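Single-letter residue listing:
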Amino acid sequence: MAAAALSGCADSNVGPNLRTGDKAYALIPAPQGEPKVEDYRIGPLDALDITVYQEADISTRGAQVDAAGLISMPLIGRVQAAGRTTTQLADELRAKLAERFYVDPQVTVSIARSVAQRITVEGQVKEPGIYPISGPMTLLDAVALAKGEDENAALRQVIVVRYVNGQRMGAVFDMRRIRRGDDPDPAILPRDSIIVGNSSSKSAWHDLLRAAPLLNVFGVFTRF
């Protein structure tokens, strides 16, 4: 009876629009060469601390980058921040202040709160959630951030979702093959979502094991 119940459980986590095999790696490739720590790029909704040396009136803490990637600063107005490093933005602000207002202003920009440099890990992992990242990341790293997969994980059906040119796209990877070294470990980027699929057969088997003691007790009582 247990075998019949398990045979009826089919996993169906993979939709028809998800890429698999070579197409998956074409969309979400593995890192090439030695991992490199890239300069942080400011993103929409990040918060910035902007300091102009000895000019407290125009310095600001927690300046919000809006959804369009812009910040607003006294005397200057709106400035594009998203897509730039903190050094690039500081140079831009320094140049604008030097045009009309100050002689050789000293400007520093730092990240007060990061929203852009995060990934989401969900599905059959021990601690699903949103995790900040600060350097090179792979699929195995991302699942490890969530304390690994749980007992019902379908390791052949791990989905990575990424926005490419504004379009939401997804690919499926087999973590068993990646761990064995048969397949490359794909690179994970900020704003990616990782979804570890659910194995219906594993769920049914674990439910059966948990129910077994109760079934034994029921069997004892039915004899009387």
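Scoring rules and cut-offs
- Residues numbered from 1 in each chain as written.
- Predicted model: local features only at pLDDT ≥ 70, side-chain atom pairs only at ≥ 80, totals over all residues.
- Heavy atoms only, no water.
- Helix = DSSP H or I, 4+ residues; strand = E, 2+ residues; numbered from the N terminus.
- Buried < 20%, exposed > 50% of the residue type's maximum accessible area, 1.4 Å probe, protein only.
- Contact = heavy atoms within 4.5 Å.
- Areas by Shrake-Rupley, 256 points an atom, 1.4 Å probe, with all protein chains shown as cover.
- Core = buried A, V, L, I, M, F, W, Y, C linked by side-chain atoms within 4.5 Å.
- Pairing = 2+ DSSP bridges.
- Axes fitted to C-alpha atoms, helices over the stretch in contact; angles between N-to-C directions.
- Expected span 1.5 Å × (residues − 1).
- Arc of directions from axis to C-beta.
- 1 Å grid on protein atoms, 1.4 Å probe; cavity = no way out; pocket = protein on both sides within 12 Å on 5 of 7 lines; lining within 4 Å.
- Points joined across faces, edges and corners; volume = space filled by probe spheres on them.
- Nonpolar A, V, L, I, M, F, W, Y, C, P; charged D, E, K, R; others polar.
- Salt bridge = Lys/Arg side-chain N within 4 Å of Asp/Glu carboxyl O.

Some points on the overall build of the protein
The helix and strand inventory of the protein stands at six helices and ten strands. Each of the 224 residues in the protein was classed as buried or not, and the buried ones make up 34%. Within the protein, contacts between residues at least 6 apart in sequence are counted, and of these 60% link residues at least 24 apart. Counting every atom, the protein has about 13500 Å² of accessible surface; 52% of that belongs to carbon and sulfur.

Quick word on the nonpolar core
Within soluble globular proteins, side chains that are nonpolar generally end up buried alongside one another. Ile 119, Val 121, Leu 139, Phe 173, Ile 188 and Ile 194 are the most contacted members of the largest nonpolar core, which has 26 residues in total. Secondary structure elements with two or more residues in this core: helix H2 (21-27), strand S6 (118-123), helix H4 (139-145), strand S8 (153-164), strand S9 (167-173), helix H5 (175-180) and strand S10 (193-198). No other element matches the four residues that S8 contributes to this core. The next biggest cluster of nonpolar side chains, apart from the first, holds 18 residues, and it includes Leu 48, Val 79, Ala 81 and Ala 90.

Re the sheet that holds S8
Sheet strands associate in pairs through backbone hydrogen bonding, adopting either a parallel or an antiparallel arrangement. Spatially, five strands are ordered S7-S6-S10-S8-S9 in an open sheet, and the strand pairing comes out mixed. Among the strands making up the open sheet, the edge pair consists of strand S7 (129-132) and S9. Looking at each pair of strands side by side, their axes are set apart by 20 degrees on average, direction ignored. In terms of strand pairing, S8 meets S9 through seven bridges, oriented antiparallel. Residue pairing for S9: Val 164 is matched across the bridge by Gln 167.

What to know about helix H3 (residues 86-100)
Between its first and last C-alpha, H3 extends 22 Å over 15 residues, near the 21 Å set by a 1.5 Å rise per residue. Listed as buried for H3 are Leu 89, Ala 90, Leu 93 and Leu 97. Projection of H3 onto a plane perpendicular to its axis shows the buried side chains occupying an angular sector of 100 degrees, all on one side. Away from the buried face of H3 by more than 90 degrees, exposed residues Thr 87 and Glu 99 are located. Buried positions along H3 lie against strand S1 (47-52), strand S3 (70-73), strand S4 (77-80) and strand S5 (107-113).

A few points about the layout of surface pockets
When its volume is computed, the second largest pocket comes out at roughly 430 Å³. Taken together, 21 residues line the second largest pocket, and the ones lying closest to its centre are Ala 116, Tyr 163, Pro 190, Arg 191 and Asp 192. If you list the elements that add at least two residues to the lining of the second largest pocket, you get S6 and S8. Here the residues of the lining of the second largest pocket sort into eleven nonpolar, four polar and six charged.

Some thoughts on the pattern of salt bridges
Considering all chains together, one arrives at ten salt bridges under this definition. For Arg 162, the salt bridge identified is with Asp 192, shortest N-O distance 2.6 Å. Placement of the pair is Arg 162 in strand S8 and Asp 192 in the loop between H5 and S10, with a sequence separation of 30 residues. Each member of the pair, Arg 162 as well as Asp 192, is classed as buried. The residue Arg 177 makes a salt bridge to Asp 183 at a minimum N-O spacing of 2.9 Å. Judged by its relative accessible area of 32%, Arg 177 is partly exposed. Assessed through its relative accessible area of 21%, Asp 183 is described here as partly exposed. When salt bridges that share partners are traced, they join Arg 84, Glu 92 and Lys 96 into one network.

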